[in-house]
Amino acid sequence: MLLRFFGFLFATGVVLFVIGAGVAGYLIWKVSEDLPEYAVLKEYEPPVMTRLHASDGTLLAEYATQRRLYLPIQAVPERVIQAFLSAEDKNFYSHIGIDFFGIARAVVTNIDNYRNGRRLVGASTITQQVAKNFLLTSDQTLERKLKEALLALRIEQAFTKDQILELYLNEIFLGLGAYGVAGAALQYYGKSVHELTIDEAAYFAALPKAPNNYHPFRRTERAIERRNWVLDRMHINGFITAEEAEEAKAKPLTVTPRATGAQIVAADYFAEEVRRELLDRYGHEKLYGGGLSVRATLDPRLQVIARQALVKGLRAYDRRRGYRGPVGQIDISGGWAEAVAEVDALGDIEPWQMAVVLEVNETEARIGLRPKPGPDGALPDRRDLGRIPLANLSWAKWASGERRGREIRAVGDVLTVGDVVYVNADAQAEEAGVYTLEQVPRISGALAAIDPWTGRVLALVGGFSYDQSQFNRATQAKRQPGSAFKPFVYATALDNGYSPASVVMDAPIEFRIGGRTWRPSNYSGKYYGPSTLRTGIERSRNVMTVRLAQDIGMPLITEYSRNFGIYDDLLPVLAMALGAGETTVLRLTAAYAVLANGGRRITPTLIDRIQDRQGKTIFKHEERQCPDCRVEGWQGQEEPDIIDNRDQILDPYTAYQITSMMEGVVLRGTARSVQALERPIAGKTGTTNDEKDAWFVGFAPDLVVGVFVGFDTPRPMGRGMTGGQLAAPIFTDFMREALAGEPPVPFRVPPGINFMPINGKTGLRTAAGAPGAILEAFKPGQEPPASYSIIGYADEYGNPLTVSPDADRAVVQGTGGLY
């Protein structure tokens, strides 16, 4: 009887087993029907952030929707791997994709956790997490868990353990916008993954389950508790010693998130211009997830100098216009630090700081500096104080109101308690804590510095503050260059038969256009009679330029301006010869670079090279060829020749002649202040009607710099606010620091140029050393004129008149014509 009972039980068990196996088999078959194709993991290319580096390799900016750097498993430090295995899957290298011992352990642990009200633990292996993260959803369903297990088994058969771990360590989200261990190392600590300490690696291994639960600032205690648990597991698994574990557990979380935007001070405008170009070239997806490596042309040292020079110039002008009042007013009775911290401050104008006035007496104001919130948003306990003596705000005469223009006799004439202002540490003070009152300029400007031989943009500043305005005045603002365009009118003439000694009439002239009369005039309002082309550009004579443009024809000037890249389609009207057309700082500076390099076309670029995520170069700015440069070493061979295949858009002799004439602008003309550099400099000032735009574009033999100053909405800057007064000093300040330590270099003279003494007024040959004699540059086969022919001085039939150089200048002084 007993035997029959056991037989019945056995038979029942067999039937149940068969049914259960059948059901399980059916479920597995059913679930397997629509399993994702795991082979796609072999083609895995996760979104990787694009990184932008300056010319010296310094990180400039990063662009990403997921802040990830892909790292091969061979490059992941062993200590980081050990931390993740201890936290997530200690049997990873021994199980088949599913850890049955881990499942059993989790069941026992969860029974105890359930009884004691603790959080239940999971038993997913790293392989299962790869299957879920890459191929499935995060739905908490039995079907998803079955699919996850089946995929894990198949993945283990198709991939090596290292390949699976590489996928996992590069895909996981670790909080603060960081994906993968390499991206997290940069985002959390600003360092390479190879520089992570034991406690830092353990903290990362604590994050995959729920990064927000272990947030370094909002849930610091829980984060440390979880990190320490990982450290204990690392010790238990034999990866670190007990001493190493205790030492690491004693350390605080020292997370310092990386700032977004430009990583180099003052480079925001440059970085944003590169970002826009990459977006236009490759689109959003490749820019923010394509893992591009971009080498920019930016020179960090020159960039800092450029911003300092521009800020100094804008600040000087703004101070002359007077004080407009504080940024704001706050009530400091409830705690000044908290109150001033609520006021928005520009974050990119260091060393300027925001402060609030705490006390005022006749001789000084006591101030409190705006505290900077930490990464968690909390204010530091420290409160920094300072003072502004009367002498450091004596410039602040009120720009308007009843007190406009009055002398400042007491600090109370300017500041009151609760005023929120900007201040700057007084570098001349003998003690710390002394500050100068500052004011954010209303006027703006731009500066661009270019290598004339390659077109590489070495520095670019698009305004006073990127935080204040993202509008880039170097690349986006189209302004009238005024007289800064004149060198291209004169270059057109020199390239078509004229010489620097050609003489043009500087006398009144008028044109009837559409029933209206236009009478161009010089800035001084005076006329100076016959003058050489050199004099015309040195003294920036408007009327001479108009007569010259009329003589050579505006269509030809339009063609040259297009070739130089200044304008796309300049209207062929005479007013355009005086710079009435609109262009950008970068385009005009690049055009001057053509003059500086001997007439070769260059394309200004902010990017040297772009590589894709595999390291393949997909863009290179340098198009010149040097087949003999690729050698392993020097074996006494001659220096290789670089094949320059760029267009020659201006005769090299013409380029040198106009450069020599623009040297005269600095030596004798409208930019004499630039002589302070004590080195060869060529350039040209530019000022538009009513002083709405002020320019100076100039160059040394190997560096071209363009400067613009003006209000965003064009309006007069004041009488006398010319390019020589506003823009040239900024150029000078920049070049002084940029070329510091470099010996003066003369401009390169093309072979064949002849220097002949001429009379600076008449343009006729004279004896060397004679009064008024200058050495003028003439092209091969060109020489000073034998007779005194004046362009724009004609008889009634339009034929040029020739007069004796000894003729009374008064005879032709006021001569003009009606054309």
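Scroll up to find the structure this text is about.
Report follows, based on the coordinates.

### Quick look at the overall build of the chain
- Of regular secondary structure, the chain possesses 22 helices and 27 strands.
- Counting contacts in the chain only where the partners sit at least 6 residues apart, residues at least 24 apart contribute 68% of the total.
- In the structure as shown, the chain presents an accessible area of about 39200 Å², 51% of it carried by carbon and sulfur atoms.

### Quick look at the packing of helix H15 (residues 486-494) against helix H17 (residues 542-552)
- For the pair H15 and H17, interaxial distance at closest approach is 10 Å and the crossing angle is 40°. Comparing the axis directions of H15 and H17 gives the class oblique. Where H15 crosses over H17, the handedness of that crossing is left-handed. Residue-level contacts link Lys486, Val489, Tyr490, Thr492 and Ala493 of H15 to Asn542, Met544, Thr545, Leu548, Ala549 and Ile552 of H17.
- For the contact of H15 with H17, the per-class residue count stands at seven nonpolar, three polar and one charged.

### Details of the sheet that holds strand S2 (residues 59-63)
- Here we have five strands laid out as an open sheet, ordered S2-S1-S5-S18-S19, and mixed in their pairing. Among the strands making up the open sheet, the edge pair consists of S2 and strand S19 (617-620). The average angle at which neighbouring strand axes cross in this sheet is 15°, direction not considered.
- Alignment of strand S1 (residues 50-53) against S2, held across four bridges, turns out to be antiparallel.

### Quick word on unusual backbone geometry
- For the peptide bond that leads from Glu350 to Pro351, omega is 10°, which places it in the cis range.
- Along the chain, Pro351 turns up in the loop between helix H14 (336-341) and strand S7 (353-360).
- Although it is not a glycine, Glu678 adopts a positive phi angle of roughly 55°.
- Its location among the elements puts Glu678 in the loop between helix H20 (652-667) and strand S20 (682-687).
- By relative accessible area, which is 69% here, Glu678 ends up exposed.
- Of note, the phi angle at Glu691 is positive, near 55°, even though the residue is not glycine.
- By the secondary structure assignment, Glu691 is in the loop between S20 and strand S21 (694-700).

### Some points on a positive patch on the surface
- A surface patch of positive charge is lined by Arg320, Arg321, Arg404, Arg442 and Arg715.
- Residue classification places Arg715 among the partly exposed residues on the basis of a relative accessible area of 40%.

### Quick word on the nonpolar core
- One finds Phe564 and Tyr592 to be the most contacted residues of the largest nonpolar core, which totals 86 residues.
- It is helix H19 (residues 585-596) that contributes the most residues to this core, ten residues altogether.
- Look past the residues within four positions of Tyr592 in its chain and what remains in contact with it is Ala484, Pro487, Phe488, Met662, Lys684, Val697, Phe699 and Val704.
- In terms of nonpolar packing, the next biggest core, distinct from the first, is built from 55 residues, Ile81, Val230, Ala245 and Leu253 among them.

### Things to note about the sheet that holds strand S13 (residues 457-461)
- Strand order in this open sheet of five strands is S13-S12-S22-S21-S20, and the pairing throughout is antiparallel. The open sheet terminates on both sides in strands that have one partner only, identified here as S13 and S20. Going across the sheet, the axis of each strand differs from the next one's by a mean of 5°, ignoring polarity.
- As paired elements, S20 and S21 share six bridges and run antiparallel to each other. Residue pairing across strands places Ala682 opposite Phe699, the latter belonging to S21.

### A look at helix H11 (residues 268-282)
- Helix length check: H11 (15 residues) gives 21 Å between terminal C-alpha atoms against 21 Å at 1.5 Å per residue, within 8%.
- Of the residues making up H11, those classed as buried are Tyr269, Phe270, Ala271, Glu272, Glu273, Val274, Arg275 and Leu278.
- Of the residues trailing H11, Gly283 is marked for its positive phi of about 90°.

### Points about a negative patch on the surface
- On the surface, a cluster of negative charge is contributed by Asp628, Glu638, Glu639 and Asp641.
- Asp641 sits in the exposed class, given a relative accessible area of 63%.

### Points about the pairing of S1
- Side chains of S1 alternate between two faces, with Thr50 and Leu52 and Arg51 and His53 buried alike.
- One ladder, built from three bridges, connects S1 with strand S5 (residues 293-296); its direction is parallel. Residue pairing in the sheet places Leu52 in a bridge with Val294 of S5.

### With respect to the packing of aromatic side chains
- On inspection of all chains with the given rule, the structure shows 21 aromatic pairs.
- A centroid spacing of 5.0 Å and a plane angle of 80° characterise the contact between Phe92 and Tyr93, whose relative ring orientation is edge-to-face.
- Ring centres of Phe696 and Phe731 lie 4.8 Å apart, and the angle between their planes is 65°; on these two criteria the pair is classed as edge-to-face. With Phe696 in strand S21 and Phe731 in helix H21 (residues 723-738), this residue pair connects regions lying 35 residues apart in the sequence. Both residues of the pair, Phe696 and Phe731, count as buried.
- Within the aromatic cluster, the residues linked to one another by ring pairs are Phe485, Phe488, Phe564, Tyr567 and Tyr592.
- Here the guanidinium or amino end of Arg719 rests over the ring plane of Tyr523, the centre of that ring lying 4.6 Å away.

About the cut-offs
Residues numbered from 1 in each chain as written. Predicted model: local features only at pLDDT ≥ 70, side-chain atom pairs only at ≥ 80, totals over all residues. Heavy atoms only, no water. Helix = DSSP H or I, 4+ residues; strand = E, 2+ residues; numbered from the N terminus. Contact = heavy atoms within 4.5 Å. Areas by Shrake-Rupley, 256 points an atom, 1.4 Å probe, with all protein chains shown as cover. Axes fitted to C-alpha atoms, helices over the stretch in contact; angles between N-to-C directions. Parallel < 35°, antiparallel > 145°, perpendicular 65-115°, else oblique. Left-handed = near helix turned anticlockwise from the far one by under 90°. Nonpolar A, V, L, I, M, F, W, Y, C, P; charged D, E, K, R; others polar. Pairing = 2+ DSSP bridges. Buried < 20%, exposed > 50% of the residue type's maximum accessible area, 1.4 Å probe, protein only. Patch = residues over 30% accessible without salt bridge, like charges linked within 9 Å, V, L, I, M, F, W, Y side chains within 5 Å. Salt bridge = Lys/Arg side-chain N within 4 Å of Asp/Glu carboxyl O. Lys, Arg positive; Asp, Glu negative; His and termini not counted. Charge placed at Lys NZ, Arg CZ, Asp CG, Glu CD. Core = buried A, V, L, I, M, F, W, Y, C linked by side-chain atoms within 4.5 Å. Expected span 1.5 Å × (residues − 1). Phe/Tyr/Trp six-rings, centres within 6.5 Å; stacked < 30°, edge-to-face > 60°. Lys NZ or Arg CZ within 6 Å of the ring centre and 35° of its normal.

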